[in-house]
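Listed below, chain by chain, are the residues.
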There are 2 protein chains.
Amino acid sequence: MGKKVLIAGGGAGGMTAATQIKRQNPDIEVTLFESGSYVSWAGCPTPYYIAGLVGEMSVVHFDAEYFKNDRGIDVYTHTPVELIDFKRKIVSVNGEKIKGEFPYDQLILSLGAKAVVPPIPGLRSDDGKLNEGIFILRDAENAFNIKEYIDKRKVKNALIIGSGFIGLEMAEALTHLGISVTVVEMADGILPMLGTDEQRKKILKSLEANKVALRLGTTVKEIVCCPDGVEAAILSDGTSVPMEFLLVSIGVRPNLSLLEKSGFHAPDGKLIVNENLETGIPDVYALGDMVWTRNLLTGKPVYAPFGDVADKQGLALGGIIAGSPLQFRGVIGSAATSIFEWQIAVTGLNYQAALDNGFDAEKVNVKSLHRIMGFEDTVPGLVNVVYEKNTHRVLGASIVSQSAAAQFIDQFAIAITWGLTLDQLFDVDYAYSPKTSVVWNPILAAYRKALNR
Amino acid sequence: MGKKVLIAGGGAGGMTAATQIKRQNPDIEVTLFESGSYVSWAGCPTPYYIAGLVGEMSVVHFDAEYFKNDRGIDVYTHTPVELIDFKRKIVSVNGEKIKGEFPYDQLILSLGAKAVVPPIPGLRSDDGKLNEGIFILRDAENAFNIKEYIDKRKVKNALIIGSGFIGLEMAEALTHLGISVTVVEMADGILPMLGTDEQRKKILKSLEANKVALRLGTTVKEIVCCPDGVEAAILSDGTSVPMEFLLVSIGVRPNLSLLEKSGFHAPDGKLIVNENLETGIPDVYALGDMVWTRNLLTGKPVYAPFGDVADKQGLALGGIIAGSPLQFRGVIGSAATSIFEWQIAVTGLNYQAALDNGFDAEKVNVKSLHRIMGFEDTVPGLVNVVYEKNTHRVLGASIVSQSAAAQFIDQFAIAITWGLTLDQLFDVDYAYSPKTSVVWNPILAAYRKALNR
């Protein structure tokens, strides 16, 4: 028999690791314990599932049986890992179908993150649970609950706390369902990772046009709630917003409860893994939303709780466990979303972040086009490119456009990860056709501007 | 006063060079002679102009006056350069408004290409001109003539000789106008640069669904013509195709007439320029469709008559003339088009070309998605990736998809130009959002397949 690998947590990271181990070495015994009802769920599509734009399949791809039968992975849902004995290399589980102590040769932790819920009066009931009509959106189970509640209660008015990617995606999703949406944001602006205010204005105008009420520089003071569910929010400016649905979406923090309960306390509450996804505890690996990784541009530890990062970490860790020389080197800060007609994508450092990190940064704004002007529906996007003044090395880029924003930003991401300069990117032979691309694409346009500066 | 730069030819390459020289050094005197009626015309959008999808502005951006007044470039249309005296560094021009001998310090040749017209009986009249109703499509003037002819003669049936990118783009354009189109192709298949037959099948099915009659392995034996224009084509299989419009689109060859008339004969008829766009004749530079450049992957000379290549060469040459250390290093074979619902993009070498060039090549097929499956209108595209077996260095890629084909292929083009491997591309932090991208994008999907092979 091969070695025994136990995995705690069946989200993107854990499941991809399990699959990759088995792909590379079917002799390794892989057992996965998941506390919830689903494994292999995808968090990112949940707003689109709630909007009715994609089905359940897009949120939960496969069930436990599939992994057992098709991939040879022992998967147990409703089976929380309760304690880890790092010395004896044993985990205690307490599941519906399985209980007891299980030894491991290697242990993978993929326990995800917890939503941050602020201490606003009226959010929680006495037992600590969120009051009726108040939700977070982290996983498939949350999404199913939200959809069911919205349908059952025929929600007409919703409040979202937080204007991050998920907050805005949910604002769009709820609007799509005919629900009036108010977004409350503590900061004075939105999307700080974008490179220019002009880009932000496109999004602000679109939110307004789509009747999303955005309350900037505002906090929620109190929730009026119950017994029949949430009723209204009292805001910091004294106004009251009536609603039947409230989403708290102000960020997440790593779920380190099991580690702490088992006696391991990460310094500063940050479990930082190395390129081999090692935790520092012998034979214990971790990945996904529960870990910090490294920013490849700054060399600093960074928290990047994204599904695609977890998936890639899973692939790398699967290889590492199965004996391949794979690694997960880190991130540079790439992210994408879309808000109504606009696609948003960012990578690397924006101008301010570049300066803050000691780079001699320069910035340039260019247009993004996925076809030549002249075609009726060609709407120019806005691109901001940040580069090192002397070397022209690319440091960051952001795009707000109606097309191919993520595909363009990935071109910059390749350049940034591998240290390419705008001059080197000029040497690249790009593909041009008037209906699907332009000669002076964002990269070449930025190069030309940097050159003629 | 600064030095005198003369430019022969006002297409993309010449005009961009002129503009860039002036941007970098307004003291340089730039005079440009163009034999035709237009400068700064764009050849690539002409099919879409003929289809009525874009206006005249997309084909001819600016007129001679604009360049004179706004950019300080002396532009003369209807002014062919008749002879060059390389020793005395003088050109003779014979224009409508300007005639005589003009000295140069540096001379840029941007004389483009001529369409290849095969010796088919009936194609040309006794004076050597194409008979009425028979066209080539090289420049704005051709496009205006075609559009006028189609309108005036109410063309119902058209024949296109050649199924290259322009032949197929014109098939789509004419179909869009309600014209019945037959495409005659000598070879047994289409689009040899694509990586797989499956990709080609998508295009073949689409041509069929759009009622374009494709006659593979067939040539035109004779044109039945005149006096009232073209009437029919007799094909090699003995059939006759009646039509009122014929486009010859089987390729182009460098226009070297002026060079030859002036006593310079390029070896093998190929004017190969170096990285500084030098011809080998002192102080004479050339660019665009009249020159051969270098394939960066194979190191071999290659003919790449594309508008975007000419534009980039123009920018580089402008810098070189103005004293900047710019260069145009070459191409890798990137190209794009779209045929009905399908976008097509290629870069680098396909599998066979990689083998032919001595690479230990491997290939892999993956899906291309610009959003997750589950959204109603998500149609998976087909991607073929070619890489070096041992190193995983990327050598080529081709995509047939309904979205972002060129933007994806440009990611591969960056990797190929800078010698990146699939493993190195795994280290890139890509931007993911379900509505605008996928986790396992074509690059990561290819890496995973290569890894698990």
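The paragraphs below set out a description of the structure included in this document. What you are looking at is a predicted structure, and each value in this text was computed from that prediction instead of being measured.

### Examining the overall build of chain A
Next, step 1: On a plain count of helices and strands, chain A comes out with 12 helices and 25 strands.
Next, step 2: Computed over the C-alpha atoms, the radius of gyration of chain A is 23 Å, within 12% of the 22 Å expected from 2.2 N^0.38 for a compact globule of 453 residues.
Next, step 3: With the principal axes as the frame, chain A shows a C-alpha extent of 70 × 55 × 40 Å.
Next, step 4: Buried positions account for 58% of the 453 residues belonging to chain A.
Next, step 5: Surface summary for chain A: the accessible area is close to 17700 Å², and the carbon and sulfur share equals 49%.
Next, step 6: Separation between the mean location of the 43 positive side-chain charges and that of the 51 negative ones in chain A comes to 3 Å.

### A short note on the side chain of His370 of chain A
Next, step 1: Along the chain, the position of His370 of chain A falls in the loop between strand S23 (361-368) and strand S24 (381-388).
Next, step 2: In this structure the side chain of His370 of chain A is engaged in a polar contact, spanning 3.4 Å, whose partner is the side chain of Ser403 of chain A.
Next, step 3: Here His370 of chain A is in contact with Ser403, Lys435, Thr436 and Ser437 of chain A together with Gln407 of chain B, once residues within four sequence places are set aside.

### Digging into the sheet that holds strand S5 (residues 90-94) of chain B
All names here are of chain B.
Next, step 1: In spatial order, the strands read S4-S5-S6; together these three strands make up an open sheet with antiparallel pairing. Where the open sheet ends on each side, the last strands, each with one partner, are strand S4 (81-85) and strand S6 (99-103). Ignoring strand direction, the axes of neighbouring strands in this sheet form an average angle of 20 degrees.

### Brief notes about the interface of chain A and chain B
Next, step 1: Opposite the 74 residues of chain A that make contact, chain B presents 75 residues.
Next, step 2: The junction of chain A with chain B conceals about 6100 Å² of combined surface from both sides, 63% of it contributed by carbon and sulfur atoms.
Next, step 3: Three residues stand out in chain A for area buried against chain B, namely Lys312, Gln407 and Asp429 of chain A, and they jointly supply 12% of the buried area on that side.
Next, step 4: The interface formed by chain A and chain B contains four salt bridges.
Next, step 5: Residue Lys435 of chain B is joined to Glu172 of chain A by a salt bridge in which the shortest nitrogen-to-oxygen separation is 2.6 Å.
Next, step 6: At the boundary of chain A and chain B, one finds 26 residue pairs in polar contact (both at pLDDT 80 or more).

### Comments concerning the relation of the copies chain A and chain B
Next, step 1: For these two chains of identical sequence, chain A goes onto chain B by a turn of 180 degrees and a shift of 0.0 Å along the axis, with RMSD 0.0 Å. Taken together, the turn and the small shift mark the pair as related by a two-fold rotation axis.
Next, step 2: When the interface residues of chain A are mapped onto chain B, 100% of them are again interface residues, pointing to one common binding face.

### Overview of the pattern of salt bridges
All names here are of chain A.
Next, step 1: Under the criterion given, the structure shown has 28 salt bridges over all chains.
Next, step 2: Salt-bridge contacts for Asp74 lead to Lys68; the nearest nitrogen and oxygen are separated by 2.5 Å.
Next, step 3: A relative accessible area of 36% places Lys68 in the partly exposed class.
Next, step 4: Each of Asp85, Arg88 and Glu101 takes part in one network of salt bridges that share partners.

### Some points on the packing of aromatic side chains
Next, step 1: Applying the stated criterion across every chain, the model contains 24 aromatic pairs over all chains.
Next, step 2: Both rings, one in Tyr38 of chain A and one in Phe144 of chain A, keep their centres 5.2 Å apart while their planes meet at 70 degrees; by these two values the pair is edge-to-face. You can see Tyr38 of chain A sitting in the loop between strand S2 (29-33) and helix H2 (46-50) and its partner Phe144 of chain A sitting in helix H4 (residues 140-153), a full 106 residues away along the chain.
Next, step 3: With 4.7 Å between their ring centres and 25 degrees between their planes, Phe426 of chain A and Tyr447 of chain A make a pair best called stacked. Note that Phe426 of chain A is positioned in helix H11 (residues 422-426) and Tyr447 of chain A in helix H12 (residues 442-451), a separation of 21 residues in sequence. No difference in accessibility class separates Phe426 of chain A from Tyr447 of chain A, as the two residues are buried.
Next, step 4: Linked through ring pairs, Phe33, Tyr76 and Phe102 of chain A together constitute an aromatic cluster.
Next, step 5: Between Arg71 of chain A and the ring centre of Phe62 of chain A, over which it is positioned, the NZ or CZ distance is 5.3 Å.
Next, step 6: Of note, Arg448 of chain B hangs over the ring of Trp440 of chain B, and the distance from its end group to the ring centre comes to 4.2 Å.

### Points about the state of the cysteines
In a disulfide, the sulfur atoms of two cysteines are held together by a covalent bond.
All names here are of chain A.
Next, step 1: Going through the model one piece at a time under the given rule, you end up with two disulfides over all chains.
Next, step 2: Paired through a disulfide, Cys225 and Cys226 show a sulfur-sulfur distance of 2.2 Å. Here the disulfide of Cys225 and Cys226 is right-handed, its torsion about the S-S bond being about 50 degrees.
Next, step 3: Residue classification places Cys226 among the partly exposed residues on the basis of a relative accessible area of 27%.

### Things to note about the environment of Ile21 of chain A
Residues and elements named next belong to chain A.
Next, step 1: Following the sequence through the fold, Ile21 ends up in helix H1 (residues 12-24).
Next, step 2: Ile21 gets classed as buried once you look at its relative accessible area, which sits at 0%.
Next, step 3: Measuring from C-alpha to C-alpha, the distance between Ile21 and Ile414 comes to 27 Å, with 393 residues separating the pair along the chain.
Next, step 4: Not counting chain neighbours up to four residues away, the residues in contact with Ile21 comprise Val5, Pro26, Ile28, Val30, Ile108, Gly318, Ile321 and Ala322.

### Notes on the environment of Asn441 of chain B
Next, step 1: Tracing the backbone shows Asn441 of chain B in the loop between helix H11 (422-426) and helix H12 (442-451).
Next, step 2: Sequence spacing of Asn441 of chain B and Lys367 of chain B is 74 residues, and the spatial spacing of their C-alpha atoms is 8.2 Å.
Next, step 3: Among all residues touching Asn441 of chain B, those that are not within four sequence positions of it are Asp410 of chain A together with Phe408 and Tyr430 of chain B.

### Considering the sheet that holds strand S10 (residues 157-161) of chain A
All names here are of chain A.
Next, step 1: The five strands lie next to each other as S9-S16-S10-S11-S12, forming an open sheet whose pairing is parallel. Bordering the open sheet on either side are strand S9 (134-135) and strand S12 (213-216), each of which pairs with just one other strand.
Next, step 2: Sheet analysis places S10 next to strand S16 (residues 245-248), joined by four bridges and oriented parallel. Residue pairing in the sheet places Ala158 in a bridge with Phe245 of S16.
Next, step 3: Of the strands in this sheet, S10, strand S11 (180-185) and S16 are in contact with helix H5 (residues 165-176), which crosses S10 at around 175 degrees.

### Topic: helix H6 (residues 197-209) of chain A
Residues and elements named next belong to chain A.
Next, step 1: Taking 1.5 Å per residue as the helical rise, H6 with its 13 residues ought to reach 18 Å, and the 18 Å between its terminal C-alpha atoms agrees with that figure.
Next, step 2: For H6, the full list of buried residues reads Gln199, Arg200, Ile203, Ser206 and Leu207. Across the axial projection of H6, the buried residues extend over an arc of 125 degrees, all falling on one side. Of the residues in H6, the exposed ones pointing more than 90 degrees away from the buried face are Asp197, Lys201, Lys205, Glu208 and Ala209.
Next, step 3: Contact partners of the buried residues in H6: H5, S12, strand S21 (335-339), strand S22 (342-348), S24 and strand S25 (394-401).
Next, step 4: Of the residues trailing H6, Lys211 is marked for its positive phi of about 65 degrees.

### Brief notes about H1 of chain A
All names here are of chain A.
Next, step 1: Helix length check: H1 (13 residues) gives 18 Å between terminal C-alpha atoms against 18 Å at 1.5 Å per residue, within 8%.
Next, step 2: Counting buried positions over the 13 residues of H1 gives 10, a clear majority of the element.
Next, step 3: Regarding H1, the residues found buried are Gly13, Gly14, Met15, Thr16, Ala17, Ala18, Thr19, Gln20, Ile21 and Lys22.

The rules behind the values
- Residues numbered from 1 in each chain as written.
- Chains lettered and ligands numbered in written order.
- Predicted model: local features only at pLDDT ≥ 70, side-chain atom pairs only at ≥ 80, totals over all residues.
- Heavy atoms only, no water.
- Helix = DSSP H or I, 4+ residues; strand = E, 2+ residues; numbered from the N terminus.
- Rg over C-alpha atoms; globule rule 2.2 N^0.38 Å.
- Buried < 20%, exposed > 50% of the residue type's maximum accessible area, 1.4 Å probe, protein only.
- Areas by Shrake-Rupley, 256 points an atom, 1.4 Å probe, with all protein chains shown as cover.
- Lys, Arg positive; Asp, Glu negative; His and termini not counted.
- Charge placed at Lys NZ, Arg CZ, Asp CG, Glu CD.
- Polar contact = N/O pair within 3.5 Å; in protein donor to acceptor, adjacent residues only side chain to side chain.
- Contact = heavy atoms within 4.5 Å.
- Pairing = 2+ DSSP bridges.
- Axes fitted to C-alpha atoms, helices over the stretch in contact; angles between N-to-C directions.
- Buried area = accessible area lost by both parts, 1.4 Å probe.
- Salt bridge = Lys/Arg side-chain N within 4 Å of Asp/Glu carboxyl O.
- Least-squares fit on C-alpha atoms with pLDDT ≥ 70 in both.
- Phe/Tyr/Trp six-rings, centres within 6.5 Å; stacked < 30°, edge-to-face > 60°.
- Lys NZ or Arg CZ within 6 Å of the ring centre and 35° of its normal.
- Disulfide = S-S within 2.5 Å.
- Expected span 1.5 Å × (residues − 1).
- Arc of directions from axis to C-beta.

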